[in-house]
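# Remarks on the overall topology
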Amino acid sequence: MQIKEILFDGLRAREITDGRWRMVVVTQCGPRIAFLGELDGENILYWNKDGVARGSWRLMGGHRVWLT
């Protein structure tokens, strides 16, 4: 497994790969899983960096990581 710092759509993120799968966790806004899929495959999560906005609220997609 490899973990490295990257920019994903201009946002600070961590990329986690295991040789088959790739997950990108955006840390600049979130944490939020922005990409999940096979290494050379498509993102199975909806992602739109610009998001759908209503006032100050934005729907960017991905999966929001909640700690409880």
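Residues numbered from 1 in each chain as written. Predicted model: local features only at pLDDT ≥ 70, side-chain atom pairs only at ≥ 80, totals over all residues. Heavy atoms only, no water.

With that out of the way, let us pick up the nonpolar core. Core analysis: the largest hydrophobic core is formed by 11 residues, namely Ile6, Phe8, Leu11, Ala13, Val24, Val26, Cys29, Ala34, Phe35, Trp47 and Met60. Elements represented by at least two residues in this core include exactly β1 (2-8), β2 (11-17), β3 (21-26) and β4 (32-38). Residue contacts for Cys29: discarding those within four places in its chain leaves Leu11 and Met60. (Core = buried A, V, L, I, M, F, W, Y, C linked by side-chain atoms within 4.5 Å. Buried < 20%, exposed > 50% of the residue type's maximum accessible area, 1.4 Å probe, protein only. Helix = DSSP H or I, 4+ residues; strand = E, 2+ residues; numbered from the N terminus. Contact = heavy atoms within 4.5 Å.)

Time to look at the packing of aromatic side chains. Inspection of the entire model under this criterion finds 1 aromatic pair. Directly above the ring of Phe35 sits Arg22, whose terminal nitrogen or CZ lies 4.7 Å from the centroid. (Phe/Tyr/Trp six-rings, centres within 6.5 Å; stacked < 30°, edge-to-face > 60°. Lys NZ or Arg CZ within 6 Å of the ring centre and 35° of its normal.)

Turning next to the side chain of Arg32. Tracing the backbone through its elements, the reader meets Arg32 in strand β4. Here Arg32 sits buried without a salt bridge, and the closest side chain of opposite charge, Asp9, lies 11 Å off (N-O distance). Apart from residues no more than four positions distant in its own chain, Arg32 is found in contact with Val24, Val25, Val26, Trp47, Met60, Gly61, His63 and Arg64. (Lys, Arg positive; Asp, Glu negative; His and termini not counted. Salt bridge = Lys/Arg side-chain N within 4 Å of Asp/Glu carboxyl O.)

Across the sheet, which stays open at both edges, the 5 strands sit in the order β1-β2-β3-β4-β7 with antiparallel pairing between neighbours. Here the strands that pair on one side only, and so sit at the sheet edges, are β1 and β7 (63-64). Two elements, β4 and β7, share 2 bridges in a ladder whose sense is antiparallel. Opposite Ile33, over in β7, you have His63 as the bridge partner. (Pairing = 2+ DSSP bridges.)

Of note, Glu15 is situated in strand β2. Spatially, the C-alpha atoms of Glu15 and Ser56 are 28 Å apart, while their sequence positions differ by 41 residues. If sequence neighbours within four positions are ignored, Glu15 has contacts with Gln2, Ile3, Lys4, Ile6, Arg22, Met23 and Val24.

Before going further, it helps to spend a moment on the pattern of salt bridges. Throughout the structure, instances matching the rule amount to 4 salt bridges. As a salt-bridge pair, Arg22 and Glu15 come within 2.6 Å of each other at their nearest N and O atoms. Judged by relative accessible area, which is 18%, Arg22 ranks as buried. Given a relative accessible area of 11%, Glu15 falls into the buried group. In this structure, Glu38 and Arg20 form a salt bridge, with 3.9 Å as the shortest nitrogen-oxygen distance. Taken as a pair, Glu38 in strand β4 and Arg20 in the loop between β2 and β3 lie far apart in primary sequence, 18 residues in all.

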